[in-house]
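# Notes for the structure review
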Amino acid sequence: MNSPRAYVEIDLTALASNINKLRSGSSAKFLAVVKANAYGHGLIPIARAAVGNGADYLGTALVSEAIAIRDAGINSKILAWLISPGDEIEPALQKNIELSTGSLEVLKEIENVGVKLGITPVIHIEVDTGMSRGGFLDQWEELLKYLPSAKVKVIGLWSHFARADEPDRPETKQQIEKFAKYEKELLEIGITPEFTHLSNSAGILGFKEAHRSIIRGGIGMYGLSPDYQNLGSENSLGLKPVMKIYGKLALVKKVRAGSQVGYGGIKTLERDSILGVVALGYSDGLFRASQPTVGGNFKGSFAPLVGRISMDQCVVDLTDCPPANSGEYICMLGEEYCMAQDWAQAANTINYEIVTRVPPRLPRIIK
């Protein structure tokens, strides 16, 4: 019987627990952020499971992601927010997908497509409250003059926090105040959005006063902390990681002390060792620059990385682990010694990037 060289295990029970945790104590509707292939976890199964566990909305960056969800037969509310001129607006409107805009150019394009199709587009207005990324800023006054006659339905007003993962900083409260000003000016021209939303996972956990009518669960929904230093670990936050990655030991062998391992010979063995060649590499999302502070969990023991990670494989030191045989699997992500945060620290990045980089070529096994 064939067995995969490596696979991703997705725990939907953990996903459900995280959604419940993020929703607890809030009366807001829950938007499950499933952009970027659901942070590497698998777009369609995660979207379907999120809706099945109480998500009121699904959120994507790209229109193509929203269309894929709809084409999979998922009929929940969907918001796509990274809309560029010339994007797939027509099929999005035909499939009842809500669109966000932060510019007059895109707003007018959405409006024109709606007129062509005989559809009134349902839109969310994004405003820039201090991140200086997406959202209306210099065009705001012009937008206020244009909106009353625009052939669209404004259902939402939203913005995005830049530093909610640093709860002691003043910027988040400043953003909340700026958002209230935008909302007041919209109300003054007779437009009352049904939904307002500001809070990402860090905002959900740290700023209940900003929950508004929708909260957007991103990294927290996948059981990872938005910021270890300021908000704490997933354990302290009551979150459960959803993803594990297992790689097959393609080869286990004894190697003499003094041998160099991997490209560039950056590691010279200081003792006779038992090495395992794991069928996972940087084409599978592992970071080539990762330090040997991380590795795999083999039957409860730490198997550190040895040498550079290659494209399709890496080497771990099994000397201090239980006896290993070729063909057995080792957990390379999601257990003690190899949590997403461990990989992030070893590669000088963040846990978001660790999981999001895991490519579709690794099969997802849902449990």
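Structure: above.
Residues numbered from 1 in each chain as written. Predicted model: local features only at pLDDT ≥ 70, side-chain atom pairs only at ≥ 80, totals over all residues. Heavy atoms only, no water.

### Topic: the overall build of the protein
Worth spelling out the cut-off: Here a helix means four or more residues in a row that DSSP labels H or I, a strand means two or more in a row labelled E, and each is numbered from the N terminus. Working definition of accessibility: Shrake-Rupley area with a 1.4 Å probe, residue cover restricted to the visible protein chains. Here the positive residues are Lys and Arg and the negative ones are Asp and Glu; neither His nor the chain ends is included. By convention, the point assigned to a charge is CZ for Arg, NZ for Lys, CD for Glu and CG for Asp.
A count of helices and strands for the protein gives 13 helices and 18 strands. Surface exposure of the protein reaches about 16100 Å², of which carbon and sulfur atoms provide 49%. Of the side-chain charges in the protein, 39 are positive and 40 negative, and the distance between the mean point of each set is 4 Å.

### Concerning the packing of aromatic side chains
Going by this rule: Aromatic contacts are taken between Phe, Tyr and Trp rings whose centres are within 6.5 Å, Trp giving its six-membered ring; a plane angle under 30 degrees counts as stacked, one over 60 as edge-to-face, and the others as tilted. Relative accessibility thresholds used throughout: buried, under 20% of the residue-type maximum; exposed, over 50%; partly exposed, between the two (1.4 Å probe, protein chains only). By definition here, charges over rings are those cases where NZ of Lys or CZ of Arg is within 6 Å of the ring centre and within 35 degrees of the ring normal.
A full pass over the atoms with the stated rule returns eight aromatic pairs. Plain terms: the ring middles of tryptophan 81 and tryptophan 158 are 5.8 Å apart, the flat faces sit at 50° to each other, and that makes the pair tilted. With tryptophan 81 in the loop between strand S4 (77–80) and helix H5 (89–94) and tryptophan 158 in strand S7 (residues 153–158), this residue pair connects regions lying 77 residues apart in the sequence. Like tryptophan 81, the residue tryptophan 158 is buried in the burial classification. In textbook terms, an aromatic cluster arises when at least three aromatic residues are bridged by ring pairs, as seen for Tyr7, Tyr246 and Tyr329. Of note, lysine 108 hangs over the ring of tyrosine 146, and the distance from its end group to the ring centre comes to 5.1 Å. The ring of phenylalanine 287 carries the charged tip of arginine 357 above its face, separated from the ring centre by 3.8 Å.

### A short note on the packing of helix H1 (residues 12–23) against helix H3 (residues 43–52)
Basically, it comes down to this: Fitting a line to C-alpha atoms yields each axis, with helices limited to the stretch in contact; the angle taken between N-to-C directions then spans 0 to 180 degrees. For this classification, under 35 degrees means roughly parallel, over 145 means roughly antiparallel, 65 to 115 means roughly perpendicular, and everything else is oblique. The hand of a helix crossing depends on one turn: near helix anticlockwise from the far one by less than a right angle means left-handed, and clockwise means right-handed. It only takes one pair of heavy atoms within 4.5 Å for two residues to be counted as in contact. For this classification, Asp, Glu, Lys and Arg are treated as charged, while Ala, Val, Leu, Ile, Met, Phe, Trp, Tyr, Cys and Pro are nonpolar and the rest, including Gly, are polar.
Remark: H1 packs on H3, axes separated minimally by 10 Å, with the N-to-C direction vectors making an angle of 50°. Accordingly, the angle class assigned to the pair H1 and H3 is oblique. Once H1 is placed against H3, the crossing between them reads as right-handed. From H1, Leu12, Leu15 and Ile19 reach across to H3, where they touch Ile46, Ala49 and Ala50. For the contact of H1 with H3, the per-class residue count stands at six nonpolar, no polar and no charged.

### A few points about the nonpolar core
This is how the line gets drawn: Throughout, nonpolar core names a set of buried Ala, Val, Leu, Ile, Met, Phe, Trp, Tyr and Cys residues whose side chains join them through atoms within 4.5 Å.
Core analysis: the biggest nonpolar cluster contains 112 residues, and Leu99, Met221 and Trp343 have the highest contact counts within it. Excluding anything up to four places from it in sequence, leucine 99 contacts Val63, Leu79, Ala80, Ile83, Ile89, Ala92, Leu93, Ile110, Val122, Ile123 and His124. Counting seven residues, the second largest nonpolar core, distinct from the first, contains Val255, Leu269, Leu275 and Val277.

### A closer look at the pattern of salt bridges
Let me state the cut-off plainly: Salt-bridge detection follows one rule: a side-chain nitrogen of Lys or Arg within 4 Å of a carboxyl oxygen of Asp or Glu.
Within this structure, the stated rule accounts for 19 salt bridges. Between arginine 163 and glutamate 171 there is a salt bridge whose closest N-O contact spans 3.5 Å. Of the charged contacts, one joins lysine 244 and glutamate 335 as a salt bridge, the two residues approaching to 3.3 Å between their closest N and O atoms. A residue pair is termed long-range when its members are at least 10 positions apart, and lysine 244 in strand S10 (residues 243–255) and glutamate 335 in the loop between strand S17 (329–333) and helix H12 (340–347) qualify at 91 residues. Classification of lysine 244 by relative accessible area gives partly exposed; the value is 25%. What makes glutamate 335 partly exposed here is its relative accessible area of 21%.

### A word on H3
Of all the positions in H3, only Leu43, Ile46, Ala47, Ala49 and Ala50 are classed as buried. Phi turns positive, to about 100°, at glycine 54, one or two residues after H3.

### Here's the deal with unusual backbone geometry
With a phi angle near 55°, tyrosine 39 is a residue other than glycine that sits in the positive phi range. Note that tyrosine 39 resides in helix H2 (residues 35–39).

### Here we look at the pairing of S17
Note the cut-off: Being paired, for any two strands, means DSSP has found at least two bridges between them.
In terms of burial, S17 is a largely internal element, four of the five residues being buried. In this structure, S10 lies alongside S17, joined through four bridges in antiparallel fashion. Looking at S17, one finds that tyrosine 246 is bridged to cysteine 331.

### Considering the environment of alanine 50
By the secondary structure assignment, alanine 50 is in helix H3. Spatially, the C-alpha atoms of alanine 50 and phenylalanine 30 are 9.7 Å apart, while their sequence positions differ by 20 residues. The contact partners of alanine 50, leaving out residues within four places of it in the chain, are Leu15, Ile19, Ala32, Ala55 and Leu58.

### Section: the side chain of serine 26
The following threshold applies: Pairing of N or O atoms within 3.5 Å defines a polar contact, subject to two protein rules: one partner must be a possible hydrogen donor and the other a possible acceptor, and residues neighboring in sequence count only if both atoms are side-chain atoms.
With respect to the helices, strands and loops of the structure, serine 26 is situated in the loop between H1 and strand S2 (29–33). In terms of polar contacts, serine 26 uses its side chain to reach the side chain of histidine 211, at 3.0 Å. In this structure serine 26 touches His211 and Ile215, once residues within four positions along its chain are discounted.

### Quick notes on the pairing of strand S15 (residues 301–304)
With four bridges joining them, strand S14 (residues 295–298) and S15 adopt antiparallel strand pairing. When the bridges of S15 are listed, phenylalanine 298 appears paired with serine 301.

### With respect to the side chain of serine 273
Residue placement: serine 273 occurs in strand S13 (residues 273–278). At 2.9 Å, the side chain of serine 273 forms a polar contact with the backbone oxygen of arginine 271.

### Considering H1
Note the cut-off: Helix span is expected to be 1.5 Å times the residue number reduced by one.
End to end, H1 covers 16 Å across twelve residues, agreeing with the expected 16 Å (1.5 Å per residue, within 8%). Restricting attention to buried positions, one finds in H1 the residues Ala14, Leu15, Ala16, Asn18, Ile19 and Leu22. Check the buried side of H1 and you find it contacts S2, H3, helix H9 (201–206) and strand S9 (214–217). One or two residues past the end of H1 sits glycine 25, with phi positive at roughly 80°.

### Considerations on the state of the cysteines
What counts, and what does not: We call a pair of cysteine sulfur atoms a disulfide whenever their separation is within 2.5 Å.
Inspection of every chain in the model, using the stated rule, returns zero disulfides. The closest cysteine sulfur to the non-disulfide-bonded cysteine 321 is located on cysteine 338, 11 Å from its own sulfur. The structure places no disulfide on cysteine 338, whose sulfur is separated from the nearest cysteine sulfur, that of cysteine 331, by 4.2 Å. For cysteine 338, a relative accessible area of 0% translates into the label buried.

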